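# Structural characterization, general
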Amino acid sequence: MTATRVSGEGVGASVRRVEDRRLLDGGGEYLADLRVPGTVEVAFLRSPVAHARLKGVDIPTQFRNSVFLAEDIGFTKPIVAATAAPGFQSSEYPALAREKLRFVGEMIAMCIAPTRAEAEDIAQACTLDLDELPAVWDIDVALAADAPRIHEGWRDNVFLRSAITAGDLAGIKANAPVVVQKTLRMGRHAGVSLETRGVLAHYDRRLGELVVYSSTQFPHVIRTVLAQSLGIAESRLRVVAPDVGGGFGIKGNFHPEELAVAALAMKLGCPVRWIEDRREHLVASPHAREHRYRITAYADRSGRIRGLEAEVVVDAGAYSVWPWTAAMEAGMSAGIMTGPYDIPVYHGRAVTVCTNKSPLGPYRGVGRSGACFALETMIDAIARAVGRNPEDVRLENMVPPSAMPYRSATGKFYDSGDYPECARRALAAIDPAAVRARQARGEPDGRLIGFGMASYTEQSAHGTAEWVARGMPVVFGYEPALARFTPDGKLILFVGIQNHGQGLETTLAQVAHQELGIAVADIVVRHGDSSVSPYGMGTFASRSMTMAGGAVSRACAMLAEKVKRIGAHLLQAPIDAVTLAGGQVAFGSQSVGFAAIAEAAYRHPERLPSGEEPGLEANAVYEPQCSTGAFSYATHACTVAVDPGTGMVELLDYVVCHDCGTMVNPMIVEAQVVGGVVQGLGTALYEEIPYDENGQPLASTFLDYLIPGAPEAPDVRVLHMETPSPHTRFGIKGMGEGGAIAPPAAVVNAVNDALRPLGAEVTETPITPERVLTAILAAEARR
Amino acid sequence: MKPAPFAYVRPKSLGEAVALLVQSGARALAGGQSLVPMLNLRLAPVERLVDLGGLAELRGVRDSSGSILYGAMTAHAVFEDGEVPDASNGLMPFVAGQFAFRAVRNRGTIGGAIALADPAADWLTTAVALEARLHLIGVAGRRLVGAEEFVLGPYVTALGEGELIEAVEVPKRAASERWGHARVAMKIGDYAESMAIALMDRKAGRGRLVLGAADGAPILFPEIAARALSGAASDELRLAVRRALLAADRGFTPAKLAMHTTTLLRALAQAAAA
């Protein structure tokens, strides 16, 4: 490890989050807080049906000037997100629907008025002339040979079929004494950021520039694609993400709403605003998950897995989202399927299906939550098949530390770590022996106790090599930082990431403190504005701490050298004899602070050493040495009580042991883990948007769509391990998504452990009371 | 999710309220914890919202010898906090703390909840269990309807055009009566998936058993209550409950049938053990 923890504010210190005061005091400035005089409000007229030909929109005469259709913004280009993978069938996602409607919630028209309520009145007054088509509302319906095509000219309703083939599966199949097969489902749900999406666009006449505020995770990237879609120069477009109240991947897409609102502001020349309401969010924001698995393991009699075969089918909805493409979800799941286990032979298939549903996009734990659910359910099933404890089977199958670094059958390069030790620590904390003793005793209230665990690896901060391999439209290889002292000796960090809950305004300052010794209170972190900071990729894929942290470190290290040179000169000391510590350049008992050094650099060049350039700032770009990603990992273990009479599941205990390399701020890391776990419990137990056979979403408000609240959040016990990555600055690995990956797997395993005496098993998330009771009744019927 | 335009009036007297409510497109606002979200979703076309919040006569409580009369605009939290006398041996204050979140319970009212007749509304089931009588008032005058007769189906009640609930009258339950309550909700604050209330008075030989959140009006099971009172074995009760649920013909899924069976039996067991 390169960092030494000498200071109370540097890398490794649990510094309190500097952004919290404004956020908790109501001083945050979110999209809906912005005030631009003369703003008109947009209500989108959205499709009420899943699949139809759009023949016309009848607009009442008095609203003719208040309603805008596709032809009114005909200068915009549709959103096309295609991967380079062979066979990918591409979709054109227009800002406003032209001839065809492909999901409930698709935008048809923009209605404007001084208030949102009036704009909704106008939308309600319009009538649609439609020819309804049969809804392709489900994977099986979409894959039927005679299924109606959602996109004209496609061979079938499949975006992409891909395969990974590693090793000789036929040989393994022929000789495997134990074969276990599972069919599993993970439900479709929404992202549910606390702040919904929103866009405000206006034209700045002085600068000749279109200004677009969006609640986005990557403003620079949006600027690029928006300029292309609008047909304007990037230099004439500014994209700003103000305070963003959660993203989770949903706000890391280029949305048709962004394009439509920006286009309308260009057309009208007045400020235009759209704030997504919760119903729009649930129905029409990019959805999450909806995976189906067919997975077969071939093992020996001890449960050691010799080969694995898996098919992942994902319902990606009607369009391919930019830039990730529709194929990312299934591809990532199939590509990480072997997880932390040493499984040499693997054949995986990924099928991405197109249906009449809201497009699927990235969501915390992309693909991996499903892969973990599939594989970890399988490991429990193998353990049952060979009559052993699942924890023993897990430990024996894991990649041992002696094999690190390790290349998996799917080609992932696991850089460092001790996976079995992590699992052992989680186990020691949850104490399976005690849980099993309680299970055997029985509960006075008749509930059944279950123990479950799940392990995973989390690819994070992947750079050029990984994104190129995925055939992406954009390669997110690096991150920049500009570190600039002000003439009074304070520091501003300009970064290309976007902070929306991760604490980056604090942790990036900690990195600067580590290099320069400047107090965190004297540092400002600026982000989220394409006109303020250098071009960067934004915040997603558990990348910002590693990437932007590396860039800040590099820029500050360059500054530290200059600070020392100027300081030495001011102290009339040889450069080798001075030290930079505690915000001072010192020579013996003499010292000089940042204020005097910055004053010399900016306002008194005559005080600088000869040949030293005035000014005190440094620009750096950082890319990890190994761009296939730094792999974090964890084991989650939990105890549940299942009520066989009502199907209710209660979490009695939840333990996470994880390793994300060097922790910049352990307090923030812990909170991120807990937040992720609760979100993962949403996938496991509550969140779902089912569709009926007409393609209507059946959960469109919080009445029907349940999310875990504070009372449902268990007291998660978090244990930390720190194995620094050999490839990143300070050994940092990303960890933003991990918490959400394992809960579906761990909870399903625990529930099935509890249901074992009844011979029942759940194979689908969310694990609702209805599903638990149905499983119990099915088991009763079998007996 | 903004409401369509509507007029808002806040009458100062009950007579004025009744006169306003009889006009077409008028709807009573009695706390608004369900109605306002419905307005925002543009599900309920309303031209005129008649806010009952200003009517002191709907907030009073009258404690008489045989029963207690609660004004329809008494908030859930008022019951929960024990600010009104209790006619139910503690069942009503208990129920009032079981549903929604406190912010909703501060504003939502017993009369509003019963008048909406959401099948999953806890007060609906409780009123039927406690044999409450609803005091209705309209332009034609006042009338009295038993809670059981009041609910006709999901969101359908005996309320006539322009009629509103003035008060909920709960007969004082015998001190010898015990209650049992079982409720399943997927999470805290959520609507019930199933809810059962049992009342057992061994001394008087009286028992009542009611199922709520049953996709329609609450269902009474007098025969099962009688069997439980006479000390029927648990297996026999289980079978009887199952049969009675099937006979109710509400189209329950097998899982829902199992869940309702559980809540009914647990409510009975709790009432019997208390």
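Residues numbered from 1 in each chain as written. Chains lettered and ligands numbered in written order. Predicted model: local features only at pLDDT ≥ 70, side-chain atom pairs only at ≥ 80, totals over all residues. Heavy atoms only, no water.

### Overview of the pairing of strand β5 (residues 107-113) of chain A
The two faces of the sheet receive side chains in turn, since in a regular strand these alternate between them. All names here are of chain A. For β5, the tally of buried residues reaches 7 of 7 residues, placing the bulk of the element in the interior. By the bridge criterion, 6 bridges tie strand β1 (residues 40-46) to β5 in an arrangement that is antiparallel. Its bridge partner lying in β5, F44 is registered against M110. Bridging between strand β3 (residues 67-68) and β5 involves 2 bridges; their strand directions are antiparallel. Following the sheet pairing, V67 is matched in β5 by C111. (Buried < 20%, exposed > 50% of the residue type's maximum accessible area, 1.4 Å probe, protein only. Helix = DSSP H or I, 4+ residues; strand = E, 2+ residues; numbered from the N terminus. Pairing = 2+ DSSP bridges.)

### Considering the sheet that holds strand β1 (residues 7-9) of chain B
All names here are of chain B. Pairing within the open sheet is parallel, and its 3 strands lie in the order β1-β3-β2. The strands lining the two open edges of the sheet, one partner per strand, are β1 and β2 (26-29). Going across the sheet, the axis of each strand differs from the next one's by a mean of 25 degrees, ignoring polarity. Pairing between β2 and strand β3 (residues 48-51): 4 bridges, direction parallel. Counted as the bridge partner of A28 is V50 from β3. (Axes fitted to C-alpha atoms, helices over the stretch in contact; angles between N-to-C directions.)

### A few points about the interface of chain A and chain B
Counting from both sides, the interface comprises 28 residues of chain A and, opposite them, 22 residues of chain B. Linking chain A to chain B there are 3 salt bridges. For the pair chain A and chain B, the interface holds 12 residue pairs in polar contact (both at pLDDT 80 or more). Among the elements of the structure, α2 (116-125), α7 (278-284), α17 (666-686) and α19 (769-782) of chain A are those that each provide at least two residues to the side of chain A that touches chain B. Each residue belonging to the side of chain A that touches chain B can be placed in one class, and the counts come to 12 nonpolar, 7 polar and 9 charged. (Contact = heavy atoms within 4.5 Å. Salt bridge = Lys/Arg side-chain N within 4 Å of Asp/Glu carboxyl O. Polar contact = N/O pair within 3.5 Å; in protein donor to acceptor, adjacent residues only side chain to side chain. Nonpolar A, V, L, I, M, F, W, Y, C, P; charged D, E, K, R; others polar.)

### Quick look at the side chain of A:Q502
All names here are of chain A. Summarising the element assignment, Q502 is placed in the loop between β20 (491-495) and α14 (504-516). Polar side-chain contacts of Q502 include one of 2.7 Å to the backbone nitrogen of H500. When residues no more than four places from it in sequence are discounted, the contact partners of Q502 are R17, T539, I668 and Q672.

### Considering the state of the cysteines
All names here are of chain A. Under the definition given, this model contains 0 disulfides over all chains. For C657, which is in no disulfide, the shortest distance to another cysteine sulfur is to C422 and amounts to 3.8 Å. Of the residues examined, C657 reaches a relative accessible area of 0% and is grouped as buried. (Disulfide = S-S within 2.5 Å.)

### A word on the environment of A:E612
All names here are of chain A. Residue placement: E612 occurs in the loop between α16 (594-602) and β25 (617-622). Considered as a pair, E612 and K564 are 48 residues apart in the sequence and their alpha carbons are 12 Å apart. For E612, the contacting residues outside a window of four places in its chain are K562, R565 and I566.

### Thoughts on the packing of aromatic side chains
Residue and element names in this part refer to chain A. Considering all chains together, one arrives at 24 aromatic pairs over all chains under this definition. The interplanar angle of 25 degrees and the centroid separation of 6.1 Å between the aromatic rings of F88 and F159 together place this pair among those described as stacked. With a gap of 71 residues between them, F88 in the loop between β3 and β4 (100-101) and F159 in strand β7 (residues 158-166) connect regions that are remote in the sequence. Taking the relative accessible area as the measure of exposure, F88 reaches 13% and is therefore buried. Site record: aromatic cluster; members linked through ring pairs are F218, W324, W467, F476 and F540. Its end group placed over the ring of F540, R543 keeps NZ or CZ at 5.2 Å from the ring centre. One residue, R729, lies across the ring of F730, its end atom 4.1 Å from the ring centre. (Phe/Tyr/Trp six-rings, centres within 6.5 Å; stacked < 30°, edge-to-face > 60°. Lys NZ or Arg CZ within 6 Å of the ring centre and 35° of its normal.)

### As for the environment of A:L703
All names here are of chain A. For L703, the position within the fold is in the loop between α17 and β28 (717-721). L703 sits in the exposed class, given a relative accessible area of 51%. Taking the C-alpha atoms as reference points, L703 and H51, separated by 652 residues in sequence, lie 26 Å from one another.

### Overview of the nonpolar core
Membership of the largest hydrophobic core comes to 116 residues, with the highest contact counts inside it found for A:I295, A:M337, A:Y654, A:V747, A:V751 and A:L755. For this core, the element with the highest residue contribution is helix α9 (residues 368-386) of chain A, accounting for 11 residues. (Core = buried A, V, L, I, M, F, W, Y, C linked by side-chain atoms within 4.5 Å.)

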